Protein chains: 2
Amino acid sequence: MKNIYIIGVGLIGGSIAKDVKKLNPEITIHGIDKNKNHLEDALSLKLIDKKAVFDDLEKADLVIVSIPVDATEMLLPGILDNVSDDALVIDSGSTKASICKAVENHPKRRNFLATHPIAGTEFSGPKAALEGLFANKTNIICEIEKTAFKLQERALTIFKIMGMHMRYMNPEAHDKHIAYVSHLSHISAFMLGKTVIEKEKNERDIFDLAGSGFASTVRLAKSSPRMWAPIFKQNKSHVIESLDEYINNLSKFKAAMELDDFDFIFSEMENTNHIKQILNGIQ
Amino acid sequence: MKNIYIIGVGLIGGSIAKDVKKLNPEITIHGIDKNKNHLEDALSLKLIDKKAVFDDLEKADLVIVSIPVDATEMLLPGILDNVSDDALVIDSGSTKASICKAVENHPKRRNFLATHPIAGTEFSGPKAALEGLFANKTNIICEIEKTAFKLQERALTIFKIMGMHMRYMNPEAHDKHIAYVSHLSHISAFMLGKTVIEKEKNERDIFDLAGSGFASTVRLAKSSPRMWAPIFKQNKSHVIESLDEYINNLSKFKAAMELDDFDFIFSEMENTNHIKQILNGIQ
């Protein structure tokens, strides 16, 4: 591998760039981004060695696509058109069914690997890129059997050096489970933030009364709408299902409070305390 | 001050014990707790110097009440009955109206100071006690005018040495605001945890797919039901109001998704991103 192209030099693309550069200092990392400021930042932060455009992709050995999922769905067929027969194209989107569907019949489908590295922060852009962001994190890989053998191998070598654990799922199962453990958390945090901001017009009051518990619960409400609105759109049915169950559980909690059924409230919390054991495994 | 009594040697009581012991090594810290294991742990962890019982309170210069709010409401009048005319009794509960009401006509009302230190973790018990837990945190003080001048002064000296910032509110305003910035976050996290656990019967799947975002949003679901059920009960009307608004915001979000109104979804998130500035002030 000599020429790596990162399309979208933000938090994820920039962090991958930091990791792959370590693999081999001879590698040239080329950055493509429609946001010119991000591209300049990525260059001055040395995340990338050169700026590039889509027409240059024919020289790529590896292309990392780390842009919002609607842009991935739209641009991925053209990216595959542009690359050589030996190139590997990897996406990193938080939805998998729509993206896999967009290229299911593409003549270069075997050059593509659909992945979702479960890593990130609530920040975005090249300045948010972190070295080692992916170490000990899970990478969900979909439809690996549709990727050419030698390109599977190339991808796994990179992910192993990045320190990731591989999990194989089909795109539909990915989208269903991730709606619960990731997408719903974001909506929960955004609407908590909205509810509190609406109530507390005087921000100084929020600031003074809020503790670390609120900060932790609402943290994801800092996330980028440009990234998240397309995720919710692509995973619409699963997200609505999870949101429906969440609202239902909250409504039952509220109804129990109205009926002074604090035994129910107590047991709801006690049963959920079990999350401790589950969370112990998450870093 | 020579004799300090901590009633409830858990996370809060134990952490206060660590701080006040530093003030003056001559101080004797006495622990009272109905949980005998907690009392033994507090002794072996050196959070307290001696075990004590309620009848000993006549010797107290300072009493810290750090037990669930229903127990505080029930026991506080008897604690005031037991202490001397020079003693200061401070509670640390997450609700203030019921507790202030429980002693409003008590002959020793001037010996009591109602406070809510905004500090804690999702853990509980003496082993969860942390030195410096209160440094740079807010302490909400209610009805300070009802506490004797010299006891106000004694309390403020202690809180200043603990590094806390004082904020004065009436109990009703405290309970209303704290429903939004603290109590609602706990319900949000508990119900998120419940929704995901119900869906993901196979815990290994949760564990593998969940990232740091889920862990952060659901963290408060580890909290103690013994502490939280009485808080929700005492602050019932404000908590129901906040929960109602939260459910309403989530339902509007879901309705917009069903209508494919992703412009609305985008602007809801963009407007809430403003929480960044507010959170920057919270440690």
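Residues numbered from 1 in each chain as written. Chains lettered and ligands numbered in written order. Predicted model: local features only at pLDDT ≥ 70, side-chain atom pairs only at ≥ 80, totals over all residues.

(A) Broad picture of the relation of the copies chain B and chain A. Superposition of chain B onto chain A requires a rotation of 180 degrees combined with a translation of 0.0 Å along the rotation axis, giving an RMSD of 0.0 Å. What the rotation and shift describe, once combined, is the action of a two-fold rotation axis. Among all residues of chain B, the one whose C-alpha sits closest to the rotation axis is B:T217, at a distance of 2.1 Å. (Least-squares fit on C-alpha atoms with pLDDT ≥ 70 in both.)

(B) The pairing of strand β5 (residues 88-91) of chain B, seen in detail. All names here are of chain B. What you see with β5 is no split at all: L88 and I90 on one side and V89 and D91 on the other are buried throughout. Pairing analysis gives four bridges linking strand β4 (residues 62-65) to β5, with the strands arranged parallel. Looking at β5, one finds that I64 is bridged to I90. Between the parallel elements β4 and β5, the chain passes through helix α3 (residues 69-82) in a crossover that is right-handed. Two elements, β5 and strand β6 (residues 112-117), share three bridges in a ladder whose sense is parallel. Residue pairing for β6: V89 is matched across the bridge by F112. Running through helix α4 (residues 97-102), the crossover from β5 to the neighbouring parallel element β6 is right-handed. (Buried ≥ 20, exposed ≤ 12 C-beta atoms within 10 Å, placed from the backbone. Helix = DSSP H or I, 4+ residues; strand = E, 2+ residues; numbered from the N terminus. Pairing = 2+ DSSP bridges. Right-handed = clockwise from strand over helix to strand, strands pointing away.)

(C) Focus on the sheet that holds strand β3 (residues 50-51) of chain B. Residue and element names in this part refer to chain B. Strand order in this open sheet of eight strands is β3-β2-β1-β4-β5-β6-β7-β8, and the pairing throughout is mixed. Taken across any chain shown, the strands that pair with only one partner, and hence form the sheet edges, are β3 and β8 (165-169). Examined bridge by bridge, strand β7 (residues 138-142) and β8 share five bridges and lie parallel to one another. Looking across to β8, one finds that N139 is bridged to M166. Its contacts with the sheet place helix α1 (residues 11-23) against β1 (3-7), β2 (28-32) and β4, and it is angled at close to 165 degrees to β1. The sheet contacts of helix α5 (residues 149-161) involve β5, β6, β7 and β8, and relative to β5 the element is tilted by about 50 degrees. (Contact = placed C-beta atoms within 7 Å. Axes fitted to C-alpha atoms, helices over the stretch in contact; angles between N-to-C directions.)

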